[in-house]
Amino acid sequence: MSSHAIINTVNVARLMTIGKVESVSEEFFDVQPPQFNNTIRWNLGHLIAVMDSLVFKRISQSSKLPEGFVDLFKGGTKPSDWTTTPPSKDELITLLKQQSNDLNETFANRAEEKLENPFQIREFKLETVGDVIGFAIVHEMMHTTTISDLLKVINYQNN
């Protein structure tokens with residue numbers, strides 16, 4: 001996939017994620033129906049944290065996130081374990097937008113660039129910058145779908 005195509009795809013995916021949550025009342029961000037392992041707030045933070053660790057930390061060796069952010073949202077965490085106040089809805093949306101801008105600025109023409117240290121996630125071998133961003137996009141859309149499912153259940157329970 002060309003650099004233009006991969007960056008365009010990440011922009012579309014991110015706009016879909018932002019569009020999904022911008023109009024949601026923050027009171028619903030921490031509702032955790034019994035059918036789910038996490039909340040809207042956790043899913044948003046998680047997809048931001050994974051994009052940062054997969055793309056920025058692994059490729060550029062630098063994180064763009066505030067201190068302690070990843071500890072709240074890395075795989076295996078859950079809101080009931082939090083001992084610090086998580087980011088607000090506005091902070092999460094700002095991070096989503098900033099991360100999108102950073103991706104565009106940093107990786108706009110690098111999709112075909114070979115990784116110095118290719119790696120594997122399950123059966124997926126990631127050998128280029130585009131492979132990593134593509135994997136992160138798929139991961140983001142999985143969590144955006146979970147957010148949609150959470151919203152359906154929350155709205156159903158509140159009607």
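Source: prediction; values computed, not measured.

Caption draft 1: Highlighting the nonpolar core. Judged by nonpolar contacts, the single largest core of 26 residues is most densely connected at Val21, Phe29, Ile40, Leu44, Ile48, Phe69 and Phe73. Of all the elements in the fold, those that place two or more residues in this core are helix H1 (3-21), helix H2 (40-60), helix H3 (69-73), helix H4 (89-107) and helix H5 (129-157). For this core, the leading source of residues is H2, giving 6 residues. For valine 21, the residues in contact, after removing those within four places along its chain, are Phe29, Ile40, Leu44, Lys89, Ile93 and Ile147. The next biggest cluster of nonpolar side chains, apart from the first, holds 23 residues, and it includes Leu103, Ala111, Leu115 and Leu126.

Caption draft 2: Broad picture of the UniProt feature "domain: DinB-like" (unreviewed entry) in the chain. Within this numbering scheme, the UniProt entry marks residues 21-147 as carrying the feature "domain: DinB-like" (unreviewed entry). With 51% helix and 10% strand, the stretch residues 21-147 has end C-alpha atoms that lie 8 Å from each other.

Caption draft 3: The arrangement of the packing of aromatic side chains in detail. As enumerated under the stated definition, the model contains 4 aromatic pairs in all. Here the aromatic rings of phenylalanine 124 and phenylalanine 135 are separated by 5.8 Å at their centres, their planes lie at 55 degrees, and the arrangement is tilted. One end of the pair, phenylalanine 124, is in strand S2 (residues 124-128); the other, phenylalanine 135, is in helix H5, with 11 residues separating them in the sequence. A residue is classified by how much of its surface remains accessible, and phenylalanine 124, at 40% relative accessible area, is partly exposed. Clustering of aromatic rings is evident, with ring pairs tying together Phe69, Phe73 and Trp82.

Analysis parameters
- Residues numbered from 1 in each chain as written.
- Predicted model: local features only at pLDDT ≥ 70, side-chain atom pairs only at ≥ 80, totals over all residues.
- Heavy atoms only, no water.
- Core = buried A, V, L, I, M, F, W, Y, C linked by side-chain atoms within 4.5 Å.
- Buried < 20%, exposed > 50% of the residue type's maximum accessible area, 1.4 Å probe, protein only.
- Helix = DSSP H or I, 4+ residues; strand = E, 2+ residues; numbered from the N terminus.
- Contact = heavy atoms within 4.5 Å.
- UniProt positions renumbered as here; feature names shortened; annotations may be inferred.
- Phe/Tyr/Trp six-rings, centres within 6.5 Å; stacked < 30°, edge-to-face > 60°.

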